[in-house]
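Structural characterization, general
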Amino acid sequence: MKVAVLAKEVPDLEAQVKVAAGGASLDVEKRKVLNFFDEIAVEAALKLKESAGAEAYAVAAGAGTGIDALRRALAMGIPGAFQIDDPALAEANPLTVARALAAFLQKEGFDLIIAGKQATDDEAGLVGPMVAELLDIPCVVGVTGLEASDSVVTVTRHTDMGVEKYEVPLPALVTAEKGLFEPRVPAVTGVMKAMKAKIDKYSLADLGVEAAPAVKVLGYQPPAKRAAIKMIPGEPAEAAAELVRLLRDEAKAL
Amino acid sequence: MDFTLTEEQEFFRQTIADTVDRMIMPKVEYIDEHPDEFPWDLWKEFTGLGYLGLRYPEEVGGMEADTTTCMLFYQELARASAGFSMAVTMNMLMGTYFLHRFGSEDIVQRLMIPAIRGEKIGVICFTEDQSGSDVGATRTSATKVDGGWVINGVKNWITDGPICDFCTVICQTDPSKGARGLDFFLIEKGMEGFSHGQILHKMGAQGPITGELIFDNVFVPEDHFLGDEVGRGVQHLTDILNEVRCMTAAQAVGIATTAMKDALEYARARKAFGHIIGDYQLIREKFARIAMNMEAAKLMVFRTAWMIDEEKAGRGPNPREEAFLTKMFATEMCMECVDEVMRIYGGNGFAREYGPQRYFRDARFLLYGGGTHEIIKDFIGGQMIKGRWQSRL
């Protein structure tokens with residue numbers, strides 16, 4: 001079985017993010033990591049490599065980004081990594097990213113594609129399903145359980161209505177949800193290998209892909225500042241009465 | 001001069017920082033609050049990643065990392081837990097160096113390699129009741145007998161001594177020669193006459209179990225002499241002291257990094273007189289001064305690390321004075337930093353539920369290893385007066 005992981009490089013969750021002057025872009029501190037949900041996808045691929053002898057590789061797409069994400073995947077133990085690097089991918093329409101990834105996956109070959117449920121920067125969750133659609137393969141999003149054989153994957157997903165279980169014929173794409181697996185911490189041997197790895201690069205032209213029309217961001221606004229928190233003292237009965245009074249008379253919520 | 005880390009070094013730093021955050025950070029308070037417990041579970045989990053072989057060659061399972069990469073490692077470890085970082089560095093440097101350099105193939109396979117896999121604990125023993133910086137006053141003796149040596153004496157302040165599987169011990173082989181009559185010997189757990197004495201209860205740097213080791217007529221075979229020629233022990237010791245001092249400085253930078261990060265968060269949130277305390281000039285002055293000294297300390301650590309590698313490659317001088325100065329400056333910087341951070345926290349700095357009191361207790365321990373600052377100042381000043389050293393920059 002050949003397993004492909006879609007990896008996205010995103011800002012570290014602790015990176016400082018500010019709306020730039022003019023409001024049309026963001027100033028993001030340059031601290032880049034592999035997307036949290038993609039780390040889970042990498043772990044899933046490694047589990048298949050270890051249990052079923054699957055071949056595995058990771059691929060990232062971006063404009064001058066992706067190397068750190070791929071090195072993380074390599075450090076964790078993914079044997080191969082590829083970067084799609086093109087200026088047209090800067091703030092690109094997710095469809096362009098999906099087209100690029102789909103073209104590469106078709107060229108490199110796959111049986112199962114595992115992506116993260118969403119990226120922690122835009123939280124869009126679009127690219128995985130778009131890739132599946134472009135490749136005309138079944139797609140299950142947000143899986144929390146995964147077992148694979150040569151021809152089929154069995155996945156579970158947790159919803160508000162309960163647990164769903166699917167048997168999906170390969171080739172297929174699934175997206176990983178928190179709880180699928182706990183990503184391993186890379187051993188130093190993996191880290192040193194990743195440090196020295198040569199990662200092949202492809203442009204959109206190399207893959208015969210045209211960019212979809214760009215999505216123009218009109219502006220960003222920081223979230224509204226939260227009002228100060230008021231603590232209501234006293235015994236529960238007193239505090240409850242005071243709370244009702246405040247909700248009715250001050251907040252006008254009752 | 002290129003002051004940037006290579007892409008590979010930056011990736012290494014990011015990876016070890018993430019590993020430390022996931023694996024060690026969640027346990028640091030527990031480690032600090034349980035000083036009589038060695039953190040075995042964390043030890044097994046962390047050493048299983050293979051980092052203890054970082055500085056050793058591939059033929060013993062090491063990674064042959066350069067000294068700068070090693071310093072990044074020590075810094076990140078100490079950022080989480082000074083004590084745990086000391087246990088790790090004991091096994092990966094001081095506790096195994098002499099076995100790797102002078103040990104027989106049996107000693108390397110049986111002890112050194114398992115130690116850098118974290119499967120055995122190896123330590124080094126210098127300090128005695130009457131000798132610390134004055135290593136020439138060592139009284140633990142090694143007497144030549146048929147087939148080997150007999151060791152007698154007591155060592156104190158041995159990091160992980162009470163739990164070690166083996167130790168490298170500095171002994172007097174010729175009392176008439178002072179520092180020129182010292183050599184290193186390997187002693188293993190289970191050897192007759194070798195035991196541990198009292199455990200020392202430290203005020204900080206918890207994690208390692210520190211205590212006394214007793215050698216009562218311990219016979220060691222000839223191959224447990226860790227040297228090439230009797231009387232050259234101190235000379236061999238100086239070969240790693242630069243690295244040890246630079247490592248101590250890197251650990252100091254690590255502790256200061258966490259202390260300053262916590263203090264910044266506190267100063268952005270804590271209010272007094274209607275403003276966050278970060279708005280007040282005297283608080284800002286503290287941050288500026290800490291940042292200034294921390295930048296200088298980092299530069300000294302990385303320059304000394306570079307000089308150590310240049311010397312190993314035969315391209316540069318022995319950076320002995322630079323290593324002394326780096327250790328002294330970085331650890332004093334850390335002391336000032338943790339003191340100011342406690343002041344920024346006000347009364348809360350004194351509370352066990354906040355980090356600053358732990359950083360304050362931990363930082364102090366870095367003052368002593370690799371030479372007290374009184375000794376270092378006397379030595380460096382003397383070197384300068386005698387015309388034996390001046391800045392190479």
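Since we're looking at a predicted model, the values are computed, not measured. (Residues numbered from 1 in each chain as written. Chains lettered and ligands numbered in written order. Predicted model: local features only at pLDDT ≥ 70, side-chain atom pairs only at ≥ 80, totals over all residues.)

**Remarks on the overall build of chain A**
Here is the rule we go by: Counting from the N terminus, the helices are the DSSP runs of H or I reaching at least four residues and the strands are the DSSP runs of E reaching at least two. A residue is called partly exposed when the number of other C-beta atoms within 10 Å of its own lies between 12 and 20, exposed at 12 or fewer, and buried at 20 or more, with C-beta atoms placed from the backbone.
Helix and strand counts for chain A come out as 6 helices and 14 strands. Out of the 254 residues in chain A, the part that is buried amounts to 40%.

**Here's the deal with the overall build of chain B**
Put simply, the test is: Radius of gyration here is computed from C-alpha atoms only, and the compact-globule reference equals 2.2 Å multiplied by the residue count raised to the power 0.38. By definition, residues are in contact whenever their C-beta atoms, placed on the basis of the backbone, come within 7 Å of each other.
When helices and strands are tallied, chain B shows 11 helices and 9 strands. Computed over C-alpha atoms, the radius of gyration of chain B comes to 21 Å, within 12% of the 21 Å expected from 2.2 N^0.38 for 393 residues, which places it in the range of a compact globule. C-alpha atoms of chain B, sized along the principal axes, occupy 80 × 50 × 40 Å. Within chain B, buried positions represent 48% of all 393 residues. Here the analysis covers contacts within chain B between residues at least 6 apart in sequence; of these, 72% occur between residues at least 24 apart.

**Let's talk about the interface of chain B and chain A**
Counted only if it meets this: Note on residue classes: Ala, Val, Leu, Ile, Met, Phe, Trp, Tyr, Cys and Pro are nonpolar, Asp, Glu, Lys and Arg are charged, and everything else, Gly too, is polar.
Taken together, the contacts link 12 residues of chain B with 13 residues of chain A. Residues of the side of chain B that touches chain A, tallied by class, amount to 7 nonpolar, 3 polar and 2 charged.

**Quick notes on the nonpolar core**
Here is the rule we go by: The nonpolar core is taken to be a set of buried Ala, Val, Leu, Ile, Met, Phe, Trp, Tyr and Cys residues joined by way of C-beta atoms within 7 Å.
Val5(A), Ala73(A), Ile78(A), Leu101(A) and Phe185(B) are the most contacted members of the largest nonpolar core, which has 185 residues in total. Broken down by element, this core gets its largest block of residues, 14 residues, from helix α7 (residues 233-269) of chain B. Apart from the residues lying within four places of it in its own chain, the contact partners of Phe185(B) are Ala142(B), Trp149(B), Ile151(B), Val169(B), Cys171(B), Val220(B), His224(B), Phe225(B) and Leu226(B).

**Description of the domain arrangement of chain B**
By convention, interface size is frequently given as the accessible area that disappears when the constituent parts associate. Residues and elements named next belong to chain B. What counts, and what does not: Here the limits of each domain have been adopted from an automatic or database domain assignment.
Here the domain parsing of chain B yields domain 1 (7-116), domain 2 (122-224) and domain 3 (233-385). Domain 2 and domain 3 are separated by 30 Å when their C-alpha centres are compared. The leading source of residues in the side of domain 2 that touches domain 3 is strand β5 (residues 182-188), at 3 residues.

**Considerations on the pairing of strand β4 (residues 166-172) of chain B**
Residues and elements named next belong to chain B. Our working rule: Strand pairing follows a simple DSSP-based rule, namely that at least 2 bridges must link the two strands.
With 7 of 7 residues buried, β4 is to be regarded as a mostly interior element. Residues Phe166, Thr168, Ile170 and Gln172 line one face of β4 and the alternating positions Cys167, Val169 and Cys171 line the opposite face, and both faces are buried. As paired elements, strand β1 (residues 122-125) and β4 share 4 bridges and run parallel to each other. Bridge assignment links Cys125 to a residue of β4, and that residue is Val169. Note that β4 and β5 share 7 bridges and pair antiparallel. Looking at the pairing, Gln172 lines up with Leu182 of β5.

**So, the environment of Pro222(A)**
All names here are of chain A. Relative to the assigned elements, Pro222 resides in the loop between β14 (200-202) and α6 (236-249). In this structure Pro222 comes out as exposed when scored by C-beta crowding, with 10 C-beta atoms within 10 Å. A sequence separation of 203 residues divides Pro222 from Val19, and the C-alpha atoms of the two residues are 6.8 Å apart.

**Quick look at the packing of helix α8 (residues 281-312) of chain B against helix α9 (residues 320-344) of chain B**
All names here are of chain B. So the rule is basically this: Axis geometry follows a simple rule: fit a line to the C-alpha atoms, using only the stretch in contact for helices, then measure angles between N-to-C directions, giving values from 0 to 180 degrees. Our angle categories are set so that under 35 degrees counts as roughly parallel, over 145 as roughly antiparallel, 65 to 115 as roughly perpendicular, and the remainder as oblique. Crossing chirality is assigned from the near helix's rotation relative to the far helix, an anticlockwise turn below a right angle marking it left-handed and a clockwise turn marking it right-handed.
Interaxial distance between α8 and α9 falls to 9 Å at its minimum, and their mutual angle equals 155 degrees. Regarding the angle of α8 to α9, the classification is roughly antiparallel. Here α8 and α9 pass one another in a crossing that is left-handed. Contacts between α8 and α9 pair Ile283, Lys286, Ile290, Asn293, Met294, Ala296, Ala297, Met300, Val301, Thr304 and Met307 from the former with Glu322, Ala323, Thr326, Phe329, Ala330, Met333, Glu336, Cys337, Glu340 and Ile344 from the latter.

**A look at the sheet that holds strand β10 (residues 145-148) of chain A**
Think of a sheet as strands paired side by side through backbone hydrogen bonds, with each pair either parallel or antiparallel. All names here are of chain A. Ordered by their spatial adjacency, 3 strands build an open sheet running β10-β11-β12, and the pairing between neighbours is antiparallel. With partners counted over all chains shown, the strands left at the sheet margins are β10 and β12 (162-169), one partner each. Each neighbouring strand pair of the sheet contributes to a mean axis angle of 15 degrees, computed without reference to strand direction. Relative to strand β11 (residues 152-159), β10 runs antiparallel, the two being bridged by 4 bridges. When the bridges of β11 are listed, Glu147 appears paired with Thr154.

**Some words on the pairing of strand β2 (residues 141-145) of chain B**
Two strands pair when backbone bridges link them, and β2(B) and strand β3 (residues 148-159) of chain B are joined in this way by 5 bridges, in the antiparallel orientation. Across the sheet, residue Thr143(B) finds its bridge partner in β3(B), namely Val150(B).

**Structural notes on unusual backbone geometry**
Omega for the bond connecting Leu170(A) with Pro171(A) falls within 30 degrees of zero, at 0 degrees, which places this linkage in the cis form. Assignment of secondary structure puts Pro171(A) in the loop between β12 and β13 (172-176). Notably, Asp136(A) is not glycine yet its phi reads approximately 55 degrees, a positive angle. With respect to the helices, strands and loops of the structure, Asp136(A) is situated in the loop between α4 (127-135) and β9 (139-143). Residue classification places Asp136(A) among the exposed residues on the basis of 8 C-beta atoms within 10 Å. Of note in the backbone geometry, Asp160(B) takes a positive phi value of approximately 65 degrees without being a glycine. Mapped onto the fold, Asp160(B) is located in the loop between β3 and β4.

**Concerning the domain arrangement of chain A**
Assigned domains within chain A: domain 1 (2-202) and domain 2 (224-254). Centre-to-centre separation of domain 1 of chain A and domain 2 of chain A, based on C-alpha positions: 45 Å.

**Here's the deal with the environment of Glu229(B)**
Residue and element names in this part refer to chain B. Summarising the element assignment, Glu229 is placed in the loop between β7 (210-221) and α7. With 10 C-beta atoms counted inside 10 Å, the residue Glu229 sits in the exposed group. Between the C-alpha atom of Glu229 and that of Pro39, which follows or precedes it by 190 residues, the distance is 38 Å.

**Describing the confidence of the model for chain B**
How we decide: Per-residue confidence from the predictor is reported as pLDDT, a score between 0 and 100.
In the predicted model, chain B carries a mean pLDDT of 95, and the fraction of residues at 70 or more is 100%. In the predicted complex, the global pTM is 0.88; the interface-specific ipTM is 0.80.

**What about the sheet that holds strand β6 (residues 55-62) of chain A?**
Residue and element names in this part refer to chain A. Spatially, 7 strands are ordered β9-β13-β8-β1-β6-β7-β14 in an open sheet, and the strand pairing comes out parallel. Only two strands of the sheet have a single partner each, and these edge strands are β9 and β14. Taking each pair of neighbouring strands and ignoring which way they run, the sheet shows an average axis angle of 25 degrees. As paired strands, β6 and strand β7 (residues 80-85) are joined by 6 bridges and run parallel to one another. For Val59, the partnering residue across the bridge sits in β7 and is Phe82. The strands touched by helix α1 (residues 36-52) within the sheet are β1 (2-7), β6, β8 (112-116) and β13, with β1 carrying the most contacts at an inclination of about 165 degrees. Strands β1, β6 and β7 of the sheet are contacted by helix α2 (residues 67-76), whose axis makes an angle of about 170 degrees with β7.

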